[in-house]
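Chains, contacts and geometry: an overview
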Amino acid sequence: MGFKIHEVRLGDICAFRAGSAFPRDNQGKTKGDHPFIKVSDMNAPENSWIISRANNWISSSEAHDLKAKLQPKGATVFAKIGEALKADRTRLLSRPTLIDNNMMAAVPKESIDPLYLYYLITSLKLSKWAEGSALPYLKQKVLGDIVVRIPVHVEDQQRTSSILELIDRKIRINQRTNDYLAA
């Protein structure tokens, strides 16, 4: 028996949240209450699909002073402007995290499996929805209006995402093996 599928707008299944300004004076700390990631953090080998390491940390009081909002564990993050947007890198947050203003988070609504949303957004190739040519950028409204087809039931989303995760895990193992053999 197949899944019951329906068409929805992306904005109906997640909330898009912009990142916060991250002044240079606050950057460079390796300890603190919260990780504050930048687009460059997505390039770290440890962050190939889940953000598990951050180059910058800040205290709760600094976050409050900056009016920076934590993005929840399970949100999908991606670059929203410039050349980094063209790379179509998406990552899943492993813990509540602050993101800089060159990034955006897609926070799943209650009836959506976070891992399913991650795979869905990854499959959309967000760069094709960008506006501007010299400096491409994404608009929350444009993203929210993208029509997608998804399983109605969260259990079916979880089944799908667990299969995709197994395939991804196998690919990562094969890549590490190939790197080891090449060395």
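Now for a look at the structure at hand. Keep in mind it's a predicted model, so treat the numbers as computed, not measured. (Residues numbered from 1 in each chain as written. Predicted model: local features only at pLDDT ≥ 70, side-chain atom pairs only at ≥ 80, totals over all residues. Heavy atoms only, no water.)

**A short note on the overall build of the protein**
If you tally the helices and strands in the protein, you get six helices and 10 strands. Here the C-alpha atoms of the protein give a radius of gyration of 17 Å, agreeing with the 16 Å that 2.2 N^0.38 yields for 183 residues. Along the first, second and third principal axes, the C-alpha set of the protein runs to 55 × 45 × 35 Å. Residue burial in the protein is summarised as follows: out of 183 residues, 41% are buried. Intrachain contacts of the protein at a sequence separation of at least 6 include 76% that bridge at least 24 residues. Here the protein has roughly 10300 Å² of accessible surface; of this, 54% comes from carbon and sulfur atoms. (Helix = DSSP H or I, 4+ residues; strand = E, 2+ residues; numbered from the N terminus. Rg over C-alpha atoms; globule rule 2.2 N^0.38 Å. Buried < 20%, exposed > 50% of the residue type's maximum accessible area, 1.4 Å probe, protein only. Contact = heavy atoms within 4.5 Å. Areas by Shrake-Rupley, 256 points an atom, 1.4 Å probe, with all protein chains shown as cover.)

**Some words on the pattern of salt bridges**
With the rule as written, the count across this model stands at nine salt bridges. Two residues, arginine 9 and aspartate 145, come together in a salt bridge whose shortest N-O distance is 2.4 Å. Of the two residues, arginine 9 sits in strand 1 (residues 5-9) while aspartate 145 sits in the loop between helix 5 (140-144) and strand 10 (147-151), which places them 136 residues apart along the sequence. Owing to a relative accessible area of 34%, aspartate 145 belongs among the partly exposed residues under this scheme. The residue lysine 141 makes a salt bridge to aspartate 145 at a minimum N-O spacing of 2.7 Å. (Salt bridge = Lys/Arg side-chain N within 4 Å of Asp/Glu carboxyl O.)

**Quick look at the packing of helix 4 (residues 114-124) against helix 6 (residues 154-182)**
Where helix 4 contacts helix 6, the two axes come as close as 8 Å, and the packing angle between them is 65 degrees. Taken as a pair, helix 4 and helix 6 cross one another with a handedness that is left-handed. Residue-level inspection shows Leu115, Tyr116 and Tyr119 of helix 4 in contact with helix 6, the latter providing Gln157, Thr160, Ser161, Leu164, Glu165 and Asp168. For the contact of helix 4 with helix 6, the per-class residue count stands at four nonpolar, three polar and two charged. (Axes fitted to C-alpha atoms, helices over the stretch in contact; angles between N-to-C directions. Left-handed = near helix turned anticlockwise from the far one by under 90°. Nonpolar A, V, L, I, M, F, W, Y, C, P; charged D, E, K, R; others polar.)

**Looking at the sheet that holds strand 9 (residues 103-108)**
Across the sheet, which stays open at both edges, the five strands sit in the order 2-9-6-7-4 with mixed pairing between neighbours. Strand pairing shows two members of the sheet lacking a second neighbour, strand 2 (14-18) and strand 4 (50-51), which therefore form its edges. By the bridge criterion, two bridges tie strand 4 to strand 7 (residues 90-93) in an arrangement that is parallel. Bridging across to strand 7, isoleucine 51 finds its partner in leucine 93. (Pairing = 2+ DSSP bridges.)

In short, geometric facts, not functional conclusions.
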